[in-house]
Amino acid sequence: MEKGISTKQAFLFTLINYVGVVIGVISTILIYPQDKEMLGIVRFVDAFAQIMYPIIVLGSTHALINFYPQLNIQLQQKLFGYSLVSLAKLSVLIGLLLLLIGYLYQGEEMSYAKYAFPLAIFMAYIELFKRQATNLQKLSFPTFFEKIIPKITLPAVFLVVLYSSFSIDDGISIYILGYGLITFVIGYYVYKIYPFRIENNYSDLFKELPKRKYYAYSLFAFAGSFGSFFAFRVDSLMIPYFISYEANGTYNIGVTLASTLAIPATGVFALYAPVISDLLKNVRLKQLNDKYKEVAKALFFIGMLLFSCIAVGIEPLFRLLPTYEKLAPSIPIIYLLGANVVINMSTGFNSEIISYSKYYRFNLISILVLMVINIAMNLFFLTQTDWEIFGVGLASFISLTMFNIAKTIYIYNKMKLWPFDKDFGKLMLSLFIILGIGLIIPVVNEHYFIALLLKVGFILMCGLIIALKTNWIIIVKSKLLDLKNKVF
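Residues numbered from 1 in each chain as written. Predicted model: local features only at pLDDT ≥ 70, side-chain atom pairs only at ≥ 80, totals over all residues. Heavy atoms only, no water.

**Student:** Would you mind going over the layout of surface pockets with me for this structure?
**Tutor:** Left-over empty space is what a probe sized like a water molecule reveals as it rolls over the atoms. Approximately 520 Å³ is the volume found for the second largest pocket. Val25, Thr260, Cys309, Ile310 and Leu317 are, among the 18 residues lining the second largest pocket, the residues nearest its centre. Only helix H2 (8–30), helix H14 (285–319) and helix H21 (448–469) provide two or more residues apiece to the lining of the second largest pocket. Taken together, the residues of the lining of the second largest pocket break down into 16 nonpolar, two polar and no charged. (1 Å grid on protein atoms, 1.4 Å probe; cavity = no way out; pocket = protein on both sides within 12 Å on 5 of 7 lines; lining within 4 Å. Points joined across faces, edges and corners; volume = space filled by probe spheres on them. Helix = DSSP H or I, 4+ residues; strand = E, 2+ residues; numbered from the N terminus. Nonpolar A, V, L, I, M, F, W, Y, C, P; charged D, E, K, R; others polar.)

**Student:** Teacher, can you tell me more about H21 here?
**Tutor:** For an α-helix, 3.6 residues make a turn, and residues three or four places apart therefore share a direction. Over its 22 residues, H21 extends 31 Å from the first C-alpha to the last, a length consistent with the 32 Å expected when each residue adds 1.5 Å. Every buried residue belonging to H21 is among Tyr448, Ala451, Leu452, Lys455, Val456, Phe458, Ile459, Cys462, Gly463, Ile466 and Ala467, and all of these are buried. Within H21, the buried residues cover an arc of 160° as seen down the axis, which keeps them to one side. In H21, the exposed positions that point more than 90 degrees away from the buried face belong to Leu453 and Lys469. Where H21 is buried, its residues touch H14, helix H20 (422–440) and helix H22 (474–487). (Expected span 1.5 Å × (residues − 1). Buried < 20%, exposed > 50% of the residue type's maximum accessible area, 1.4 Å probe, protein only. Arc of directions from axis to C-beta. Contact = heavy atoms within 4.5 Å.)

**Student:** Sorry, what's going on with the environment of Gly24 here?
**Tutor:** Position of Gly24 relative to the elements: it lies in helix H2. The buried category is assigned to Gly24, whose relative accessible area is 6%. Gly24 sits 66 residues away from Leu90 along the chain, and the two C-alpha atoms are 32 Å apart.

**Student:** What is the right way to read the side chain of Asn248 from this model?
**Tutor:** Within the element layout of this structure, Asn248 appears in helix H12 (residues 245–259). Looking at Asn248, the relative accessible area reads 0%, which means it is buried. Side-chain polar atoms of Asn248 contact the backbone oxygen of Ser236, separated by 3.4 Å. Other than its neighbours up to four places away in sequence, Asn248 contacts Gly40, Arg43, Phe44, Asp235, Ser236, Ile239 and Pro240. (Polar contact = N/O pair within 3.5 Å; in protein donor to acceptor, adjacent residues only side chain to side chain.)

**Student:** Is there a simple way to explain the packing of aromatic side chains in this structure?
**Tutor:** What describes a pair of aromatic rings is the distance from one ring centre to the other and the angle between the planes of the rings. For the structure shown, the criterion picks out 29 aromatic pairs. The interplanar angle of 80° and the centroid separation of 5.1 Å between the aromatic rings of Phe80 and Phe196 together place this pair among those described as edge-to-face. Of this pair, Phe80 sits in helix H5 (residues 73–104) while Phe196 sits in the loop between helix H8 (168–193) and helix H9 (203–208); the two residues are 116 residues apart in sequence, bridging distant segments of the chain. One Lys or Arg, Lys211, reaches over the ring of Phe206 and ends 5.2 Å from the middle of that ring. It is Lys416 that lies over the ring of Tyr412; its NZ or CZ is 5.0 Å from the centre. (Phe/Tyr/Trp six-rings, centres within 6.5 Å; stacked < 30°, edge-to-face > 60°. Lys NZ or Arg CZ within 6 Å of the ring centre and 35° of its normal.)

**Student:** Sorry if this is basic, but what is going on with the side chain of Arg131 here?
**Tutor:** Tracing the backbone through its elements, the reader meets Arg131 in helix H6 (residues 113–135). If near-sequence neighbours (up to four positions away) are discounted, Arg131 is found in contact with Thr61, His62, Leu64, Ile65 and Tyr356.

**Student:** Even after reading the chapter, I still don't get unusual backbone geometry, so can you show me in this structure?
**Tutor:** Note: most peptide bonds trans; most residues except glycine with negative phi. In the Ramachandran plot, Leu58 falls in the positive-phi region, its phi being about 50° despite a non-glycine side chain. Along the chain, the position of Leu58 falls in the loop between helix H3 (36–57) and helix H4 (60–67). Judged by relative accessible area, which is 23%, Leu58 ranks as partly exposed. Phi at Val283 takes a positive value of approximately 55°, unusual for a residue other than glycine. Looking at the secondary structure, you find Val283 in the loop between helix H13 (263–281) and H14.

**Student:** How should I be thinking about empty space enclosed by the protein in this particular structure?
**Tutor:** Applying the stated criterion to the full structure yields three cavities of 30 Å³ or more. The space that makes up the second largest cavity amounts to roughly 40 Å³. In this structure, the second largest cavity is lined by Gln74, Gln77, Lys78, Arg197 and Glu199. For the lining of the second largest cavity, a count of residues per class yields no nonpolar, two polar and three charged.

Following this line, the structure appears as structure tokens:
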């Protein structure tokens, strides 16, 4: 399993994500700025769906990963089948609840529920199928459809709405149908490699896995996921309410570009989840600690290198584009949220360690505390200052930094696992110095293209030297040497 994680699956996962990133970045800098209000509405619908999605899932996807290794093949199939049924039942319950709320409250926001509800159902099933694909170490194909189709559909929808008689509502409907296609394709793929079926009797499953234990874990995971939305995604709901949909579009342009930094971490965290669960179940903490340090250094190096390229190159790059005036307000958000991503990557897979250990309840407590802090800070910055979306970004930066520090310290106190060492300190100092030099390289006579090449080229060259000439990041060095041997 570990071999698959470190080679083919990790490579394909990352490659597919970056194809999606390229499509998303092009759309973000050239298409979305043409109608930031529409982008704000789409992200509002998405945020609405993100509220319902964890209720539909109710922690079953996390439970699938957590309990899967300890069951035999027959019970593993039943656990997955039970998860499929649970999602269907909860979808019906949420649908009835929405009908009741819509009858009692006729506000403008509820008009988007008819779009958000099916989107939430599709998201829930996509996540469940992806978790099962992760268990089977077959994540690359589902990732392709999940990451590529929405990246193609949304800009296509924008162009259709901008240059035809289609309305925004029509465009959102097409966007949601794209998610329906993803759900069908990924579900069929999982079925082909892992024929699943719906059972009438799950008594043998819950004899081996007590219902109380299953639901206790699932409910804690649900609370964590639900709290995560308010801790990390509530800004997409609050900005339209306190400012405007256009401001929400501006903010989400920054979010989209900053989130590109997290692609390597997303792949590693998803693919390592079963391994972490297995190491914890077998109490192989030394091996887990070694991986914790290795992955933290590798992800910090990649994240900081990419962030440095963005930090030094975003201004000259935007200056070259016809959409500069509409993109410029997003630059401070890109800096803030990009730094957020680097901090998260530098602490490795600390969330996964907590989630799959006996201390999983800490995730609930910490996320609920973070939720309160983040909402409070957002309210403060939106109502007591004139910082607008910059204040929202600052609230997110402070909240996530506190969250990652708390998780890292907690893991050390409970399990004596620590992601940092002397090599991490040397790596961090070197990359900060390189970033500082890159920032002060001047732009001469408004030659932005030359400045972009010089600044980004300097960062990448220095990063390559560090990776190849030191032993600070063995994972990255070995991959680069393998690539060098294949090419030359």
